[in-house]
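So the chains spell out like this:
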Amino acid sequence: MGIIEKMRLDGKKIFVTGGARGIGKSVATAFCEAGADVAIVDVDGEAAERTAAQLAAETGADTVAFGTDVTDPGQVDAMIAGFLERYGKLDAAFCNAGICLNVPAEEMTPEQWTRVISINLTGVFLTAQAAGRVMLRQGYGSIINTASMSAHIVNVPQPQCAYNASKAGVIQLTKSLAVEWAGRGVRVNSISPGYIGTDLTLSSESLKPLIAQWNAMAPMGRLGKPEELQSICVYLAGDTSTFTTGSDFVVDGAFTCF
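Nothing here was measured: the structure is a model prediction, and the numbers come from that model.

This part is about the nonpolar core. Ranked by internal contacts, the top residues of the largest apolar core, which has 30 residues, are F15 and I143. It is helix α5 (residues 110–138) that contributes the most residues to this core, seven residues altogether. Those residues in contact with F15 that sit more than four places away from it in its chain are A39, V41, M79, I80, F83, L90, A92, A93, F94, T127 and A131. Core analysis: the second largest hydrophobic core is formed by 29 residues, V27, I40, I191 and L229 among them.

Glancing now at the environment of S241. Following the sequence through the fold, S241 ends up in the loop between α9 (230–237) and β7 (248–251). The exposure class assigned to S241 is buried, which follows from its relative accessible area of 0%. Along the chain, S241 and R187 lie 54 residues apart, while their C-alpha atoms are 9.1 Å from each other. When sequence neighbours within four positions are dropped, the list of residues in contact with S241 reads R187, Y235 and L236. At a separation of 2.8 Å, a polar atom in the side chain of S241 contacts the main-chain carbonyl oxygen of Y235.

As a further point, take the packing of helix α2 (residues 22–33) against helix α3 (residues 45–59). Viewed as axis vectors pointing N to C, α2 and α3 meet at an angle of 35°, and their least axial separation amounts to 10 Å. The crossing of α2 and α3 is right-handed. Each of K25, A28, T29, C32 and E33 in α2 lies in contact with α3, whose residues at this interface are T51, Q54, L55 and T59. Grouping the constituent residues of the contact of α2 with α3 by class yields three nonpolar, four polar and two charged.

Take unusual backbone geometry next. A cis amide bond links V156 with the next residue in sequence, P157, at an omega value of 10°. Mapped onto the elements of the fold, P157 is located in the loop between β5 (141–146) and α6 (161–181). In this structure, A254 is a non-glycine residue whose phi angle is positive, near 75°. Following the sequence through the fold, A254 ends up in the segment after β7.

The contact between helix α4 (residues 73–87) and α5 brings their axes to 9 Å, and the two run at 40°. By the angle between their axes, α4 is oblique relative to α5. When you trace α4 past α5, the crossing you get is right-handed. Contact with α4, carried on its side by P73, V76, I80 and L84, involves L126, T127, A130, A131, V134 and R137 of α5 and no other residues of that element. For the contact of α4 with α5, the class distribution of residues is eight nonpolar, one polar and one charged.

Conventions adopted
Residues numbered from 1 in each chain as written. Predicted model: local features only at pLDDT ≥ 70, side-chain atom pairs only at ≥ 80, totals over all residues. Heavy atoms only, no water. Core = buried A, V, L, I, M, F, W, Y, C linked by side-chain atoms within 4.5 Å. Buried < 20%, exposed > 50% of the residue type's maximum accessible area, 1.4 Å probe, protein only. Helix = DSSP H or I, 4+ residues; strand = E, 2+ residues; numbered from the N terminus. Contact = heavy atoms within 4.5 Å. Polar contact = N/O pair within 3.5 Å; in protein donor to acceptor, adjacent residues only side chain to side chain. Axes fitted to C-alpha atoms, helices over the stretch in contact; angles between N-to-C directions. Left-handed = near helix turned anticlockwise from the far one by under 90°. Nonpolar A, V, L, I, M, F, W, Y, C, P; charged D, E, K, R; others polar. Parallel < 35°, antiparallel > 145°, perpendicular 65-115°, else oblique.

What follows is the structure, encoded as structure tokens:
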């Protein structure tokens, strides 16, 4: 079997949080195209249903949608139970759900801080923990967490201290889980995207001035595309990455290199 065949995901069962749109939807699409069956997990259950139906029609994958708040342990457990009832196993999990609030630090309320940390860090922990429990029983599995280049730099000009802190936490959480589970067959890695031009980002009038500044600072002079994150996630979810754990993959067009 050649390397291309080895990189396929035929027969694998994967869930993607924040999967209804943006990076989550793009990576879920790639998983389906590579042969996996995929659960679209999103707090917006109706959007998750639409995305799951679209991917099933376009790729032939067996997809399912779960409306799930990743900050609620009960909802996460229910999602995992539903996933296992449908698929019987869990090969990979893409813990991707997240938000960003641009609020000056001196003006940020405790509620705003808690919301960002709860979704971006606690939500990743709860979904990775739930996936890990299944994978540890199986003796195998791959968890991919979405961090950010914001874990490595402080973004300017927008004020986003809670987001930056949460994503730095995701990287250290990833490394901690990887070390704990390395000898038990479960791999944990993270990706750190740079500025990515999702439909939501590109359609936002308020972000247009920021995008111009980001592009002026970027060595490649542009935003990344969601599909430019697909191949690293397919690699991490598959069987050619079995010696890869505890790593953070920065995909940012060299933005953090200076």
